[in-house]
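Residue-level listing of the chains:
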Amino acid sequence: MALNFAHGFRIDYYDGYREVSIVNRMAGKTDTLRYLLVDSGVAAPTNRPGIPVITTPVRQFVVQSSVHVALADFAGVADRISGLGSFQYINSPIVREGIRAGKVKETGVDSRINSELVISMHPGVLIAMTNPDAAFGQYKPLMDAGIPVMPDAEWLETTPLGRAEWVKLIGALVDREDSVAKKFDSVVRAYERLAAIGSAAKEKPTVIVNMPFKGTWYLPAGGNYQTQLLRDAGAAYPWADTKGTNSLSLTFEAVAPVALKADYWLNIGYVDSKNDILARDPRYSGFHAFQTGALYNYNKQVNDLGSNDYWESGIVNPQLILADLIRILHPGLLPQDTLHYYKPLK
Amino acid sequence: MRSSIRRFRLGGLLLLLVLAFLLDLSSGPVRIPLREICHILFSRGSGDQTWAFIVRSIRLPKAITAVLAGCGLSVSGLQMQTMFRNPLAEPGVLGITAGASFGVAAVMLSGGGMATLYAIRELGSPGSWLIAIAACIGAGLVMLLVLALSSRLRDNVLMLVIGLMMNSITVALTSIWQYFSNPEEVKEYLLWTFGSLGGVTGSQLYILMAIVCIGLTIVFLCSKLLDALLLGENYARSMGLTVKRARVIIVCSTSLLAGSITAFCGPIGFIGIAVPHLARLLFNTSGHRILMPASCLIGAILLLACDCIAQWPGTQTVLPINIITSLVGAPVVIYLLVRKKNLNIYR
């Protein structure tokens with residue numbers, strides 16, 4: 001399968017089976033985790049010993065995070081999720097209905113995973129929320145019991161489309177490669193059309209994001225997918241050329257000269273109003289964006305459980321996030337001005 | 001040492017404090033000339049808005065916090081060393097800081113419920129009161145426990161072992177809480193444990209200032225009491241001092257100081273243990289009328305200096321203050337141990 005944006009996995013085709021490689025890019029190593037996808041009823045290849053075999057199409061998933069729910073939802077197989085790490089942060093109506101009906105079980109996450117419960121459920125695969133480099137110790141009992149454990153490292157991708165492209169992995173697991181690829185292509189087209197509009201904008205307003213905590217301001221570095229979104233939306237983000245894919249930890253003072261004059265303050269954090277912001281720290285009233293009210297947070301789609309759909313469906317719908325950002329930063333550039341994930345702080 | 005020399009040295013320390021304060025105000029990732037800083041501090045004139053914001057709203061609160069925390073932590077260390085008659089006593093060693101951390105964890109991680117967390121955040125400054133009170137109560141409870149056990153044991157080494165045990169019990173309780181909390185809350189809590197002087201602003205700074213001033217006033221008023229305790233409880237009793245009451249006063253002031261500072265700045269290590277020894281070394285006395293102000297001054301200077309080191313010139317990032325104080329403090333203690341070969345100054 002052709003992958004155009006994601007770098008963290010690969011699917012190769014062989015006679016009678018497919019091979020998934022989860023590439024460990026984080027440590028700059030070449031070692032990979034391999035899985036064989038074998039159609040049900042077909043004998044597993046004998047020349048690849050020691051590689052876990054996943055029987056496809058997978059009929060039952062145990063997943064660990066809301067991102068995995070979003071990936072499954074995109075592929076149209078959210079109803080095949082039988083186990084979920086935590087019930088706390090879920091938006092998908094299908095999965096919430098499953099929880100209500102008792103069809104989805106809470107398995108616990110990371111080291112708190114209830115191995116006995118998961119083993120008794122006989123899932124086709126467990127999608128873990130970890131990086132390929134991490135110790136797999138907590139999943140040992142599951143792997144010993146013959147349950148394939150596959151890490152989802154979509155969050156290590158450096159572009160929004162790269163993250164979203166992990167839907168193709170789920171597509172391969174459920175034998176829906178073509179339909180998922182087609183759906184993903186429409187996301188790509190929408191995103192690239194928007195990015196062309198955003199990056200061609202004449203005015204590039206200065207943007208700051210996040211909120212400092214205890215004097216340290218964590219900002220996405222140049223290679224972070226958040227930075228890519230800002231770039232594509234036609235924002236002037238002063239740290240867009242910094243190295244690294246994670247975040248920069250800067251002092252408040254290092255950011256202050258920009259923050260005081262920035263046109264927009266986005267992704268502010270756990271605040272819902274201007275008063276919230278002042279309650280966190282009255283110094284923010286000195287920011288230009290605070291005075292003009294150019295404050296936006298991505299918490300429009302927070303449900304009754306306090307769960308934010310930005311972190312769920314937003315992962316597979318980067319075009320909606322990008323459209324929001326363009327509407328905020330360049331009013332009038334897109335036909336209509338209704339925001340999907342974002343809302344202004346009053 | 002003659003009292004005129006001591007007065008001279010105290011004066012010298014005061015001058016050093018002023019210099020350290022100015023150095024701290026002028027160090028940071030943004031270069032601002034000292035003349036501009038003085039201009040911003042002492043006049044209401046406009047000038048460069050960004051510079052004014054940085055000096056007035058970022059550097060000044062941080063420097064004031066450093067002075068408050070430096071004074072409070074070193075004085076509570078001094079008090080505890082005297083009360084336990086143990087040269088290694090300090091809030092961090094005897095579990096007082098861990099008790100305060102437990103109080104903070106109880107509020108920050110409050111049952112793992114997002115709703116409660118939102119409620120606390122929305123409370124704003126009442127929320128910071130809540131954290132401060134929880135930290136003081138946590139600190140006080142651990143200290144009372146240690147004290148209750150210490151009245152049964154007269155051995156200094158046993159006392160320290162008990163303190164360490166209390167420490168590990170409290171840390172374990174906090175860990176249980178962390179284990180069952182959300183990653184976001186745990187992250188926030190972990191960042192807090194690194195310690196920071198830059199996060200105390202606005203009403204929080206006033207709260208911290210009020211609590212530290214109350215604590216310090218109590219401490220200074222009872223410096224005679226500490227002198228008497230130093231000579232032994234029997235002597236103190238013969239002087240007509242109710243030892244129990246003295247202990248209650250010391251417990252209160254220490255948990256106020258260590259608790260509130262830990263709540264706002266995180267657990268800052270080594271200031272409490274290193275500074276009183278430095279003060280004794282410099283003034284060659286065990287009289288608290290000298291040691292108290294000396295510890296205050298040295299503690300404030302040391303923490304200001306650590307803050308300057310933490311934001312090494314030319315970098316945009318800042319190292320957590322707790323790392324710097326430990327890196328600076330530990331060698332000091334080792335040096336003292338090696339040089340004096342004996343820290344038991346209470347004979």
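All residue numbers here refer to positions counted from 1 along the written sequence of the relevant chain. Throughout, the order in which chains and ligands are written sets their labels, letters from A for the former and numbers from 1 for the latter. Local features in this predicted model are restricted to residues whose pLDDT is 70 or higher, and side-chain atom pairs enter the listing and the counts only when it is 80 or higher, whereas totals over whole chains, interfaces and linings include all residues.

I'd love a proper account of the overall build of chain A, names of residues and values included.
Numbering goes from the N terminus for both helices and strands, where a helix is a DSSP run of H or I of at least four residues and a strand is a run of E of at least two. When helices and strands are counted, chain A shows 13 helices and 15 strands. In this setup the radius of gyration rests on C-alpha atoms only. A globule is expected at 2.2 Å times the number of residues raised to 0.38. Against the globule reference of 20 Å for 346 residues, chain A gives a C-alpha radius of gyration of 21 Å, in line with a compact fold. Counting only C-alpha atoms and orienting by the principal axes, one finds that chain A spans roughly 65 × 40 × 35 Å. As a rule, residues whose C-beta atom has 12 or fewer other C-beta atoms within 10 Å are exposed, those with 20 or more are buried, and those in between are partly exposed; C-beta atoms are placed from the backbone. A buried classification covers 48% of the 346 residues belonging to chain A. By definition, residue pairs are in contact when their C-beta atoms, positioned from the backbone, come within 7 Å. Put simply, of all contacts in chain A between residues at least 6 apart along the chain, 58% involve residues at least 24 apart.

An account of the overall build of chain B is requested, with residue identities and associated values reported.
Along the backbone of chain B there are 15 helices and zero strands. In chain B, the share of contacts with a sequence separation of at least 24, taken over all contacts with a separation of at least 6, comes to 80%.

Quick one: what's the story with the sheet that holds strand S4 (residues 53–56) of chain A, residue by residue and with numbers?
Residue and element names in this part refer to chain A. Strand order in the open sheet made by the four strands is S1-S2-S3-S4, with mixed pairing throughout. The open sheet has two edge strands, strand S1 (9–14) and S4, and neither has a second partner. Strand-to-strand twist in this sheet, taken as the mean axis angle between neighbours without regard to direction, amounts to 25 degrees. At least two DSSP bridges between two strands are required for those strands to pair. The sheet contact formed by strand S2 (residues 17–23) and strand S3 (residues 32–39) spans six bridges and is antiparallel. Following the sheet pairing, arginine 18 is matched in S3 by leucine 37. Note on definitions: angles span 0 to 180 degrees between N-to-C directions of axes, and those axes are lines fitted to C-alpha atoms, for helices only across the stretch in contact.

Explain the nonpolar core to me, and be specific about the residues and the numbers.
Within the largest apolar cluster, 194 residues are counted, with the highest numbers of intra-cluster contacts made by Leu71(A), Ala72(A), Val167(A), Tyr264(A), Trp265(A), Leu322(A) and Val104(B). Examining the composition of this core, we find that 16 residues originate from one element, helix H3 (residues 49–83) of chain B, more than from any other. When residues of this core are sorted by domain, at least three fall in each of domain 1 (9–175) and domain 2 (190–344) of chain A. Excluding residues within four positions of it along the chain, Trp265(A) makes contact with Ile208(A), Phe287(A), Ala289(A), Phe290(A), Ala294(A) and Leu295(A). Note on definitions: a nonpolar core is a set of buried residues drawn from Ala, Val, Leu, Ile, Met, Phe, Trp, Tyr and Cys, linked by C-beta atoms within 7 Å. Where each domain starts and ends follows an automatic or database-derived domain assignment.

Quick rundown of the packing of helix H13 (residues 271–283) of chain B against helix H14 (residues 288–310) of chain B? Include the residues and the values.
All names here are of chain B. Running from amino to carboxyl end, H13 crosses H14 at an angle of 125 degrees, the nearest separation of the two axes being 9 Å. By the angle between their axes, H13 is oblique relative to H14. For the crossing formed where H13 meets H14, the hand is right-handed. Facing H13, whose interface residues are Ile271, Val275, Pro276, Leu278, Ala279, Arg280, Leu282 and Phe283, H14 presents Ile290, Leu291, Ala294, Ser295, Ile298, Gly299, Leu302 and Leu303. The residue makeup of the contact of H13 with H14, split by class, is 13 nonpolar, two polar and one charged. Roughly parallel covers angles under 35 degrees, roughly antiparallel covers those over 145, roughly perpendicular covers 65 to 115, and oblique covers all other angles. Working rule for handedness: look at the near helix, and if it is turned counterclockwise from the far one by less than a right angle, call the crossing left-handed; if clockwise, right-handed. Only Asp, Glu, Lys and Arg are considered charged, only Ala, Val, Leu, Ile, Met, Phe, Trp, Tyr, Cys and Pro nonpolar, and every remaining residue, Gly among them, polar.

Give a detailed account of the pairing of S2(A), specifying residues and quantitative values.
Residues and elements named next belong to chain A. As judged from the six bridges shared by S1 and S2, these two strands associate in the antiparallel manner. Within S2, the residue paired with tyrosine 13 across the bridge is arginine 18. From the end of S1 to the start of S2, which pair antiparallel, there are two residues, and glycine 16 there has a positive phi angle of about 90 degrees.

Quick rundown of the interface of chain A and chain B? Include the residues and the values.
Across the contact, 21 residues belong to chain A and 26 residues belong to chain B. At the level of elements, strand S12 (247–251), helix H9 (252–261) and helix H10 (274–280) of chain A are the ones that each hand at least two residues to the side of chain A that touches chain B. In terms of residues, the side of chain A that touches chain B owes the most to one element, H9(A), which gives six residues. Taken together, the residues of the side of chain A that touches chain B break down into 10 nonpolar, six polar and five charged.

Break down the sheet that holds strand S6 (residues 81–84) of chain A for me, citing the residues and quoting the values.
All names here are of chain A. Pairing within the open sheet is parallel, and its five strands lie in the order S7-S6-S5-S8-S9. Both edges of this open sheet fall to strand S7 (105–106) and strand S9 (149–151), since each of them pairs with a single strand only. Here three bridges tie strand S5 (residues 61–63) to S6, and the two strands are oriented parallel to one another. Counterpart to phenylalanine 61 in the pairing with S6 is isoleucine 81. Seen against the sheet, helix H1 (residues 66–74) touches S5, S6 and strand S8 (125–128) and runs at an angle of roughly 145 degrees to S5.

Mind laying out the domain arrangement of chain A, listing which residues take part and the relevant values?
All names here are of chain A. Splitting chain A by domain gives domain 1 (9–175) and domain 2 (190–344). Placing a centre on the C-alpha atoms of domain 1 and another on those of domain 2 gives a separation of 31 Å. With 19 residues of domain 1 at the interface, the matching set in domain 2 holds 18 residues. For the side of domain 1 that touches domain 2, the element with the most residues is H1, which contributes six residues. Looking at the side of domain 1 that touches domain 2 residue by residue, the classes come out as 11 nonpolar, six polar and two charged.

A description of the packing of helix H9 (residues 203–221) of chain B against helix H12 (residues 243–265) of chain B should follow, citing residues and the corresponding values.
Residue and element names in this part refer to chain B. In contact at an axis separation of 9 Å, H9 and H12 are set at 155 degrees when each is read in the N-to-C sense. Between H9 and H12, the angle is such that the two are roughly antiparallel. Handedness of the crossing formed by H9 with H12: left-handed. Residues Gln204, Leu208, Ile211, Val212, Ile214, Gly215, Ile218 and Val219 of H9 pack against Ile249, Cys252, Ser253, Leu256, Leu257, Ser260 and Phe264 of H12. Residue classes in the contact of H9 with H12 are distributed as 11 nonpolar, four polar and no charged.

Go over unusual backbone geometry with me, naming the residues and quoting the values.
Residue Pro57(A) is bonded to the preceding Thr56(A) through a cis peptide linkage, with omega at -5 degrees. Here Pro57(A) lies in the loop between S4 and S5. Unlike most non-glycine residues, Asp175(A) shows phi in positive territory, near 55 degrees. Within the secondary structure layout, Asp175(A) lies in the loop between helix H6 (167–173) and helix H7 (177–199). Residue Asp175(A) is classed as partly exposed on the basis of its 15 C-beta neighbours within 10 Å. Even without glycine at this site, Asn284(B) takes up a positive phi of about 50 degrees. Counting through the fold element by element, Asn284(B) comes out in the loop between H13 and H14.

Tell me about H1(A), residues and numbers included.
All names here are of chain A. Among the nine residues that make up H1, nine are buried, leaving the element largely enclosed by the rest of the structure. Among all positions in H1, only Ser66, Val67, His68, Val69, Ala70, Leu71, Ala72, Asp73 and Phe74 are buried. Positive phi shows up at glycine 76, right after H1, with a value of about 75 degrees.

Break down the environment of Asn86(B) for me, with residues and values.
Of note, Asn86(B) is situated in the loop between H3 and helix H4 (96–108). Sequence separation between Asn86(B) and Ile324(B) is 238 residues, and the spatial gap between their C-alpha atoms is 25 Å.

So what's going on with the environment of Met143(B)? Residues and values would help.
Residue and element names in this part refer to chain B. The topology assignment puts methionine 143 in helix H6 (residues 125–150). You can call methionine 143 buried: it has 29 C-beta atoms within 10 Å. Taking the C-alpha atoms as reference, methionine 143 lies 8.8 Å from proline 91; in sequence the two are 52 residues apart. Setting aside residues up to four positions removed in sequence, methionine 143 forms contacts with Ile96, Val251, Thr254 and Ser255.

Break down the confidence of the model for chain B for me, citing the residues and quoting the values.
All names here are of chain B. pLDDT is a residue-level measure of predictor confidence that goes from 0 to 100. Summing up the model confidence of chain B, the mean pLDDT is 80 and the portion of residues at 70 or higher is 88%. Across chain B, the element-wise mean pLDDT spans from 44 in helix H5 (residues 114–123) up to 91 in H14. Under a pLDDT of 50 for its full length, residues 111–125 has, in the predicted model, 22 contacts with residues more than four places off or in other chains. If you check the scores for this complex, the pTM reads 0.81 and the ipTM reads 0.73.

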